[in-house]
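Listed below, chain by chain, are the residues.
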Amino acid sequence: MVVAGAVFDEGRLLAARRSAPPELAGRWELPGGKLEPGETAPQALVRELREELGVETEPGERIPGEWPLAPGYVLQVWTARLLSGEPSPLQDHDELRWLARHELDSVDWLDQDRPAVAEAARRFPGE
Ligand code: CDP
């Protein structure tokens, strides 16, 4: 399983542009990664966001749904709140962008992330 984070801060959602592998490079995703043995999804999410972006986060709710990836993998998405740090593209990504709700269509999301982003859009804080 792969877990990704819908990271919200100041009314914006964090989008990350992949730098690898070549077939995914340039496409945007909700940052995350594969669960390691023994991890829960929220634990994996906190670890992945720390490794990939250098931030500490608190997982919130799971966004309903499960999206197929490569054979044997499915994507689950959780909301997450930024606790500390400023996200930077340390691993897997070459650009980050904070998107307001009306800007969500301005980046080329990975196909499998699109339904999750649409669900996440309904969870913008304060709406
Ligand atoms: O960091 P780790 O190797 O654990 O995982 P990753 O390479 O970031 O993601 C594993 C797989 O999940 C990749 O094939 C990604 O394309 C996919 N993925 C995705 O489709 N959508 C996301 N939001 C995050 C990962």
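As the structure is a computational prediction, the values presented were derived from the model and not from experiment.

A. The arrangement of the packing of aromatic side chains in detail. A full pass over the atoms with the stated rule returns one aromatic pair. Where F8 meets F124, the ring centres are 5.1 Å apart and the plane angle is 70°; that geometry is what we call edge-to-face. In this pair, F8 sits in strand β1 (residues 2-9) while F124 sits in the segment after α2 (114-121), placing the two residues 116 residues apart along the sequence. On the basis of relative accessibility, which here comes to 1%, the residue F124 falls in the buried class.

B. View of the pattern of salt bridges. Counted according to the given criterion, the structure contains 19 salt bridges. Across the pair E51 and R47 runs a salt bridge whose closest N-O atoms are separated by 3.3 Å. Taken together, the residues span about one helical turn, with E51 and R47 both in helix α1 (residues 41-53) at a distance of four residues. Here E51 falls in the partly exposed class, since its relative accessible area comes to 33%. Measuring nitrogen to oxygen at the nearest pair gives 3.2 Å for the salt bridge that ties R123 to E119.

The rules behind these values
- Residues numbered from 1 in each chain as written.
- Predicted model: local features only at pLDDT ≥ 70, side-chain atom pairs only at ≥ 80, totals over all residues.
- Heavy atoms only, no water.
- Phe/Tyr/Trp six-rings, centres within 6.5 Å; stacked < 30°, edge-to-face > 60°.
- Helix = DSSP H or I, 4+ residues; strand = E, 2+ residues; numbered from the N terminus.
- Buried < 20%, exposed > 50% of the residue type's maximum accessible area, 1.4 Å probe, protein only.
- Salt bridge = Lys/Arg side-chain N within 4 Å of Asp/Glu carboxyl O.

All quantities given are derived from atomic positions and should not be read as evidence of function.
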